[in-house]
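# Structural description and commentary
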Amino acid sequence: MKTYKVSVRETTNNAIVKFELNEFITQHQSFEFNNIDEAKSSPLAQQLFYLPFVKKVYISGNFIAVERFSIVEWSDVQDEIAEQIESYLNDGGIVIETTAEAKKVPVTVYAESTPNPSVMKFVANKKIVTSLFEFTSIDDAKLSPIATELFHFPFVKSVFIEENYVSITKYDIAEWQDITIELREFIKNYIENGKEVVVAGAAEQLEKSTEQLDSNFDALDDTSKQIVNILEEYVKPAVASDGGNIQFISYDENTKNVSVLLQGACSGCPSSTFTLKSGIENMLKEMLQGKVETVEAING
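For clarity, every value in this text was computed on a predicted model and none was experimentally measured.

What follows covers the overall build of the protein. Within the protein one finds eight helices and 13 strands. Compactness check: the protein gives a C-alpha radius of gyration of 21 Å against a globular reference of 19 Å for 300 residues, within 12% of the reference. Along the first, second and third principal axes, the C-alpha set of the protein runs to 60 × 50 × 35 Å. Within the span of the protein, comprising 300 residues, buried residues form 47% of the whole. Looking at the protein alone, contacts between residues at least 24 apart form 61% of all its contacts between residues at least 6 apart. Entry remark: accessible area of the protein is about 15,300 Å², with carbon and sulfur atoms responsible for 48%. Here the protein contributes 26 positively and 46 negatively charged side chains, and the mean placements of these two sets differ by 4 Å.

Encoded structure:
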């Protein structure tokens, strides 16, 4: 059973606000409605059009974008709309009728090399998951249909999925020049056909939902919170661009040792373990003087 949570996100257009969800409400399809008549195939959009200030409704993936008329300011109504959408979805309300015609948005996927020669990053032009997931075998990929299918390729060793890309680690039996096109086309077709990337509630089952992560963060000691914040701000964006992730595991106040988990392209990379370890170690020593002495990097 899905439990929907809605977050309000501003956009570059001050007339439009995005109501972002923790679960996908369409299978990589997009729908745009300019008025209540056009929204006959979307009971949710029709309900929103009953609000007199709603000008346009756009539904895609894991968000609903609403454009307003200038009779109100978003600051006065956005929280109320977020609550309305959340209640509607949690009460089992229909987002889009099955007969609705999706707005055609071509799916593109391109392959990008990473610092790890065993890992290739396949980047899509749309969001495919709301949390990050790593699967190291077909057994632990039960929550991800796409990862399960990828493991049927004999050269796939592990699968890492985040926001808009899939990082694949291969076995040495194959060379990237021989398999990249095949994998890219498979991922493109999979997304294009609107197939499920991860099952509903996967983030909650793996304790990766926003609420669970926030709860885990709140339970940390002050130094651990500082370490997590430093990793989030200074380290994660860099490693994410290379198709990987770094996750805080623990901090020992007595030994002043920090343990982190390397995932995706970072895991098993010949150079990243040392580079990241020494880089993070120096950064934490400088920013948290007297609190950190060593960093232990563990491959996922």
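From this point, things continue past the structure.
Take the side chain of S60 next. Here S60 is to be found in strand β4 (residues 54-60). On the accessibility criterion, S60 (11% relative accessible area) is buried. Discounting residues that sit within four places of it in the chain, S60 has contacts with T26, Q29 and S30.

All right, on to the sheet that holds strand β13 (residues 294-299) then. If you trace the three strands from one edge of the open sheet to the other, you get β11-β12-β13, paired in mixed fashion. Each of the sheet's edge strands pairs with one partner strand only, and the pair in question is β11 (244-252) and β13. The mean inter-strand angle of the sheet, taken between neighbouring strand axes irrespective of direction, is 25 degrees. Sheet analysis places β11 next to strand β12 (residues 257-264), joined by eight bridges and oriented antiparallel.

Compared with an ideal rise of 1.5 Å per residue, which puts 20 residues at 28 Å, helix α7 (residues 222-241) spans 29 Å between its outermost C-alpha atoms and is within 8% of the ideal. The largest bend along α7 measures about 50 degrees and falls at V235, with the proline P237 one to four residues further on. Those residues of α7 that sit buried are T223, S224, I227, V228, I230, L231, V235, K236 and V239. Two or three places before T223, at the start of α7, stands the capping residue D221, its side-chain oxygen 3.1 Å from that residue's backbone nitrogen. Looking one or two places after α7, you find G243, whose phi comes out positive at around 85 degrees.

The full count for this structure, using the stated rule, is eight aromatic pairs. Aromatic side chains F19 and W74 sit 6.0 Å apart centroid to centroid with 70 degrees between the ring planes, which places their arrangement in the edge-to-face category. Of this pair, F19 sits in strand β2 (residues 16-21) while W74 sits in helix α2 (residues 74-90), placing them 55 residues apart in sequence. Take F19: its relative accessible area is 0%, and that puts it in the buried class. On the basis of relative accessibility, which here comes to 5%, the residue W74 falls in the buried class. Between F186 and Y190 the ring centres are 6.0 Å apart and the planes differ by 45 degrees, which places this aromatic pair in the tilted class.

Here the focus is the pattern of salt bridges. Oppositely charged side chains are able to pair whenever their charged atoms sit close together. Within this structure, the stated rule accounts for nine salt bridges. E20 serves as the salt-bridge partner of R9, at 3.7 Å between the closest nitrogen and oxygen. Placement of the pair is R9 in strand β1 (residues 6-10) and E20 in strand β2, with a sequence separation of 11 residues. According to the relative accessible area criterion, E20 is buried, its value standing at 18%. K127 is the partner of E20 in a salt bridge, and the nearest nitrogen-oxygen pair spans 3.8 Å. Of this pair, E20 sits in strand β2 while K127 sits in the loop between β7 (119-124) and β8 (133-135); the two residues are 107 residues apart in sequence, bridging distant segments of the chain.

On to the confidence of the model for the protein, then. Per-residue confidence for the protein averages 86 on the pLDDT scale, and 91% of its residues sit at or above 70. The weakest mean pLDDT in the protein belongs to helix α5 (residues 202-205) at 71; the strongest belongs to helix α3 (residues 145-150) at 95.

What follows is about the sheet that holds strand β10 (residues 165-170). Taken in spatial order, the five strands line up as β6-β7-β10-β9-β8 in an open sheet, and their pairing is antiparallel. If you trace the sheet from one side to the other, it starts and ends with β6 (109-113) and β8, each paired once. If you compare each strand with its neighbour and ignore which way they point, the axes differ by 20 degrees on average. Pairing between strand β9 (residues 156-162) and β10: six bridges, direction antiparallel. Pairing of S158 across the sheet is with T169, part of β10.

Definitions and cut-offs
Residues numbered from 1 in each chain as written. Predicted model: local features only at pLDDT ≥ 70, side-chain atom pairs only at ≥ 80, totals over all residues. Heavy atoms only, no water. Helix = DSSP H or I, 4+ residues; strand = E, 2+ residues; numbered from the N terminus. Rg over C-alpha atoms; globule rule 2.2 N^0.38 Å. Buried < 20%, exposed > 50% of the residue type's maximum accessible area, 1.4 Å probe, protein only. Contact = heavy atoms within 4.5 Å. Areas by Shrake-Rupley, 256 points an atom, 1.4 Å probe, with all protein chains shown as cover. Lys, Arg positive; Asp, Glu negative; His and termini not counted. Charge placed at Lys NZ, Arg CZ, Asp CG, Glu CD. Pairing = 2+ DSSP bridges. Axes fitted to C-alpha atoms, helices over the stretch in contact; angles between N-to-C directions. Expected span 1.5 Å × (residues − 1). Bend = angle between axes of the 7 residues up to and from the residue. Polar contact = N/O pair within 3.5 Å; in protein donor to acceptor, adjacent residues only side chain to side chain. Phe/Tyr/Trp six-rings, centres within 6.5 Å; stacked < 30°, edge-to-face > 60°. Salt bridge = Lys/Arg side-chain N within 4 Å of Asp/Glu carboxyl O. pLDDT = per-residue confidence, 0-100.

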